[in-house]
Structure formats: C-alpha cells, structure tokens
Amino acid sequence: MLGAAALGAVWSQRDRVPMAWQMPLRALIHGFEIDHAVRIPMPDGTVLAASLYRPRHATKPLATVLVRTPYNRLAQHEALYAGDFFATHGYAVLVQDVRGKYGSGGEFAPWEQATADGAATLDWITRQPWSNGKVGTFGCSALGELQYALARARHPAHAAMIPLGAGGALGSAMGRHEYFGVFEGGVFQLATGFGWFLENGARDRGQARANGVDIAAALRTLPVSQAISRVQPGRNAMDDFLGLPLGAAGWDRLNYVAQGDRIDTPALVINTWGDQTVDATLQLAEFARRQAPPGAAPEQHVVIAAGNHCKHVDVMEERRFGELEVPHSDRPYQDWYLQWFDQKLRGRGQGLAGLPAYQFYVVGEDRWLSSGTWPPEGTRLERWHLSSGGRANGRGGDGVLSLLRPAQGPAAAASDSYRHDPASPVPSRGGPVCCTGNPHDLAGPVDQAEVEKRDDVLVYTSAPLDRPLRLAGPLKARLTVSSTAPDTDFVVRLVHVWPDGRATNIQEGALRARYRDGIDRPQLMQPGQPYAVTVLMRSMAYRLPAGHRLRLHVASSSFPRLERNLNTGGRNHNESTGVVARNTVHHGPNDVAYVELPVLDDPVPAR
C-alpha cells in the first residue's frame, strides 16, 4: 500500500499518472474497497482471476457490473475506469481476465469458451452473499464482444448490457461471417488483424512479445499467414483465423453470434461511424429484433456517434473525426450508463424510456437525429449510375456519376478497365481502420488525393449537387465486373468532393469475388466472364451541401487496411507469389452499374 504522502502526490498529478497507480486513493476517496485476489473456477477446472470492487459498508445486496477483458484487469484503463465509476455509484464491479490472459489459466483464443466462461462467472456472482442476483455487463471493443458472447447463453442473471464498439461479435448471423471484425466481404482486414494479434494474440501466456517491430515492413510479408511468426515466434490466434475457411463449422467453437442464436439481453449499444464494425453493430441489433418471438424483442437503444473505434467519448473533446470538424457531438454517456443499469439492475427510475431506438450523428450537418428503425423511417433509395468514355482511371479520367442512367451515345463506352498488381497495391488513406500498432496509420475521413492519382483506381464524379444530400442508412454498390483472374477483390469507396478540390472518404467496403454469392458458397470466376456483384459499404449518416460533388472509387486493393488478393484463386493467405489481373467494370445498357444511396429528406431531431 502507498503511504499517505505518496497517495497525495499521486492524486495531485493524476492526469499524468497511470490509472492503476491512482486506484488506492480513488478507492479511499470514493468509498469502495478492492480485492484483486478473487479466483473463480470454471466447469472444466480452469481458474480465472478477477478483481472485485465493492462499496464499503454496504448493508443491502448489490447489483453487479461485470467486465471481462483480455487486456489485463490490473492495468487496462477502461477496466479500471469501470471499477472506479460503477463502484462509486453503489455497484459491485467484477473485472475478470479472460481465459489464457494475465492472471487467468487456460489457453487464449478469441472467443473460445467465452459463452460458457461468462455464464459460469454469472453463476459465481449470484451465489455470493453480497449479490442481488442481477448483473449488467460493460465495455468497448473486445470487452463489448464478450458481452454478446455471454448474451448467447441467455443467462437469467444477465439483466442488461452496454456493448460499445462491439460489432466484432458478429459471426455467421445475418450471413455476414465477420468474426472479430477482421473480415469484410471475405477479405481479411490485415492492418487491424495483424496489429491486434501481434499485441494480444499469443496462445501461450509465457510467450515473449516482440519489440521494435517495423509494422509497415511486416505487413508486406508473404505469405500473410507468416506475418506474425516471422517477427514473434510462437503460437498465435491469428493462425486459427487465417487457417479456418470462412463459413466452416469450426467457427462455431469461437462463440461469435451465429445464425441459430437468440440475443434477448436488453442493450444500450454505442458505436461510431469510423468503426470498422459499425454496420455489424447495426446488424446485431436487427438480428436481436428478428430472432425474438412476436412482441418479445429486447429493449435496445442504438447510438452511433462521430469518431473512430471506441472514441465516442474522446470525439466530444477533440471535436474532430479524421480531418473533419464534428461540433455538437456531445451525449450524456455516463448519465445513460447509470440510468440504464439503475433501472435494469436495481429497479430505480425510468431507465432510458425516453431515448429513441436509434440516435445518430450526421457528419457534415453536425447534429443528432433519431429514428425508430434503421434505416430511418422516410429513407428512400437513390441509384447513382456509373458511366464514362472508357477512361475513368484516376481523378483526371472521364468517369461520371449521375442520377440519370446515361444514354449510350457515340462518345460513351461500355466499360472501364485497370491493371491490378498485388505487388503495387493502392495505398489505404483513412477509412475504417483501428488497432494497427502503427501511429502513422490515419483513420476516418482523409483527403484521397494520393489515391486518386493512380490509374488502378476508377473515379466517377457527379456534377455539383443542386440541393443538399443527406445520407442515412446502408450504402451498397451494385456492379457488373469481370477479370482475367479466377479471383480478385473489389474495393468501393464513396467520397465527398469539396469546392476547394479536397476529396474526403465517406464510407467504403470490399468484396472478394469468390464470395459474390455468399460466404458459404465460394465460387471462382471464369476469366473474362461478367458477373453482377454487390459490395456492402457499411452504413453512414452524412450530409453534403449543395454545390459539392459526390464521387465513387472502384479499385481492387486498399493496403495495408486489407489483405492483398494475389489473384491466383488459391488459399491466398498461404501464397507468396501473385499475378497481375486486368479487372473491368461494365456499364453498358444491359449492365448493372450503380451505387445505391439511402436518402433522408425529412429527419427527426434527436431528443
């Protein structure tokens, strides 16, 4: 224990002092006690370590907030924050290292046995004399995904949850197969996956971490399956993710939300537009509603803020999302946390009865809107068609994006082609990326000037808008494509072109062509054969002013955000040599070639 003088010194410098060092004084000031020696046996005999925060001198049974983390319960800021915040407000808080991490026994894999371990932990909590039998769960990213893994158990004590940035919990449900948020249209999100697994994916607790890794160089490793082992020997959970074919039954053991599950735990769901799993978050909410019996859907409130992964609070202070300003982004998150748990776990107050089902920040309009559904009521779909004179390559090309399907006159061409060389991929600039381990990787809206200089990026640009355009809902590109290769990727990006020439990304998505008929039905392409494909580009709420332009990019890479497709039609993760593909977007009179945008004309302001 720190002495009184040391405690005073820590508190006076608390903004500069690690949260873990502050906790003894925070406990003293806020009236709770901490026990880091809690050990909870699982049904298979594995023992998981936990820390228990409890208000001193509590005379009645307590509601409990459970936080399960792979990031070290004794040091992770968010875990310590939860212990401090909720214990200060009269809750017992149990913060637990997941299986195979830090103080807990067993072997780590995200999220193997997470459902059973979470349920066994709830059994332990409800047997304690200080428990009132009701538990809420809390946390962002992995901590949020673990809440959904637990919700699969439908444990009677799991009375409410607050999953933040947790779309990575989506597995086979809704046909998405996004597992941990590292797959997008069947493409491995390389920068995110490599960065996270390098830092956190060791299967053995005693395995040494690599120091001083050149992240940019390591990301270029081929085959991708060796990217981590070459810089950090030892077993790593990324090996499992890359070695298991998408859609295979083996994914079921990892406890992601599957099509046969039912999620009925009431949820306050929060995410951000820059999160790579934002669309999966919205899909999880819809899945919970659809799987429920008639009239028995769980109460859910979904809040989508500006900002990048787990930055819904930070953005309120920074007022920036990528290179854009986002004023008026404030929400009373801490009040909501307490109101939600007070009502669900302690039977106090009205909870969030006044909060709409969906509340979302409109980037570019700088205000919050609300809705009872997603996409919002009153949304209509607009199709913006692609056309060109056959040379849409780069910003200086002749690609056009228009609401009117253009007539095929003598100056029109039926297609645009580009050369996709996996040895020279299109660079990633901003967009939905996180956790890369490289501080130079930008996220969110960023000027795409460097990308638009390239001939292997097709660029289709609208005329200046004659009216403001508000988007609110899922974005999709429906294209007719062909390739000289048996498999390739298509990356589609919606862009806002400003009067000064800046071109900042709005939202984007990718599809590995072999998965065009579904992840569970992979099929290679016949070279030269046109195929109709749909590229899901995530959801977004965004407003472009009159006089600005809308733009669409079509490419076959975004590196290092996405793993490069080597165009061979093989396993890709295990290959070291790629081939150049000639990829084509067809937009003749009989071809599907448009981006489908959800337009909201008459919004409902948020309350």
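What this report covers is the structure whose coordinates are included nearby. Everything numeric in this text was worked out from a predicted model, so none of it was measured. Sequence order as written defines residue numbering, which begins from 1 separately in each chain. Whole-chain, interface and lining totals are the exception, using all residues; otherwise, since this is a predicted model, local features are given only for residues with pLDDT of at least 70 and side-chain atom pairs are given and counted only at 80 or more. Hydrogens are left out, water is left out, and the side-chain values use all remaining heavy atoms of the structure.

Structural notes on unusual backbone geometry
In this structure, Pro223 follows Leu222 across a cis peptide bond, with omega equal to -5 degrees. Per the convention used, a helix needs a DSSP run of H or I reaching at least four residues, while a strand needs a run of E reaching at least two, with both numbered from the N terminus. With respect to the helices and strands, the residue Pro223 is situated in the loop between helix H7 (215-219) and helix H8 (237-243). Going from Phe559 to Pro560, the amide bond is cis rather than trans, its omega being 15 degrees. Notably, Gln113 is not glycine yet its phi reads approximately 65 degrees, a positive angle. Here Gln113 is to be found in the loop between strand E4 (92-97) and helix H4 (114-127). The phi dihedral of Asn255 falls on the positive side, at around 70 degrees, and the residue is not glycine. With respect to the helices and strands, the residue Asn255 is situated in the loop between H8 and strand E9 (267-272). The exposure class of Asn255 is buried, given its relative accessible area of 11%. Using a 1.4 Å probe on the protein chains alone, a residue whose accessible area is under 20% of its type maximum counts as buried, one over 50% counts as exposed, and one in between counts as partly exposed.

Concerning the pairing of strand E23 (residues 549-555)
Of all seven residues making up E23, six are buried, and the element is well covered by its neighbours. DSSP bridges decide pairing: two strands pair if at least two such bridges lie between them. Sheet topology places strand E20 (residues 489-497) next to E23; seven bridges connect them, and they run antiparallel. By the bridge assignment for E23, Val495 is matched with Arg551.

Focus: the sheet that holds strand E3 (residues 62-69)
Pairing is mixed in the open sheet, where eleven strands are placed in the order E1-E2-E4-E3-E5-E6-E9-E10-E13-E14-E26. Strands at the two margins of the open sheet, each flanked by one partner only, are strand E1 (32-41) and strand E26 (604-605). As judged from the two bridges shared by strand E14 (residues 367-371) and E26, these two strands associate in the antiparallel manner. Within E26, the position partnered with Ser370 by the bridge is Val604. Sitting on the sheet, helix H2 (residues 19-30) is in contact with E1 and strand E2 (47-55), with an inclination near 115 degrees to E1. Whether two residues touch is decided by their heavy atoms; if any such pair falls within 4.5 Å, the residues are in contact. What counts as an axis is a line fitted to C-alpha atoms, over the stretch in contact for a helix, and the angles between N-to-C directions run from 0 to 180 degrees. In the packing of helix H5 (residues 142-151) onto the sheet, contacts are made with E3, strand E5 (131-140), strand E6 (158-164) and E9, and the angle to E6 comes to roughly 150 degrees.

Concerning the packing of aromatic side chains
Note on ring pairs: Phe, Tyr and Trp rings are taken, using the six-membered ring of Trp, and paired if centres are within 6.5 Å. Classes follow the plane angle, with under 30 degrees stacked, over 60 edge-to-face and the rest tilted. Under the defined criterion, the tally for this structure stands at 30 aromatic pairs. Between Phe138 and Tyr337, the aromatic rings sit 5.1 Å apart at their centres with planes inclined by 75 degrees, giving edge-to-face as the arrangement. On the criterion of sequence distance, the pair formed by Phe138 in strand E5 and Tyr337 in helix H11 (residues 333-346) is long-range, its members being 199 residues apart. The exposure classification of Phe138 matches that of Tyr337, with both residues buried. An angle of 50 degrees between the planes, with centres 5.7 Å apart, marks the rings of Phe180 and Phe197 as tilted. Of this pair, Phe180 sits in the loop between E6 and strand E7 (183-184) while Phe197 sits in helix H6 (residues 190-200); the two residues are 17 residues apart in sequence, bridging distant segments of the chain. The exposure class assigned to Phe180 is buried, which follows from its relative accessible area of 9%. Of the residues examined, Phe197 reaches a relative accessible area of 0% and is grouped as buried. In textbook terms, an aromatic cluster arises when at least three aromatic residues are bridged by ring pairs, as seen for Tyr71, Phe108, Trp111, Tyr179, Phe180, Phe183, Phe188, Trp196, Phe197, Phe241, Trp251 and Tyr256. Over the ring of Phe108 we find Lys101; its NZ or CZ atom is 4.6 Å from the centre of that ring. Criterion for a charge above a ring: Arg CZ or Lys NZ at most 6 Å from the ring centre, at most 35 degrees from the ring normal.

Topic: the side chain of Asp97
Counting through the fold element by element, Asp97 comes out in strand E4. In this structure Asp97 comes out as buried when scored by relative accessible area, which is 0%. Filtering out sequence-adjacent residues up to four positions away, Asp97 remains in contact with Leu48, Ala49, Thr69, Asn72, Arg73, Tyr102, Gly103 and Ser104.

Quick notes on the state of the cysteines
Our working definition of a disulfide is a cysteine sulfur pair at a distance within 2.5 Å. Throughout the structure, instances matching the rule amount to two disulfides. Two residues, Cys140 and Cys310, share a disulfide whose sulfurs are 1.9 Å apart. Looking along the S-S bond of the Cys140-Cys310 disulfide, the torsion reads about -105 degrees, which is the left-handed sense. Here Cys140, found in strand E5, pairs with Cys310, found in the loop between strand E10 (300-305) and helix H10 (314-318); they are 170 residues apart in sequence, far enough to count as distant. Residue class for Cys310 comes out partly exposed when judged on its relative accessible area of 25%.

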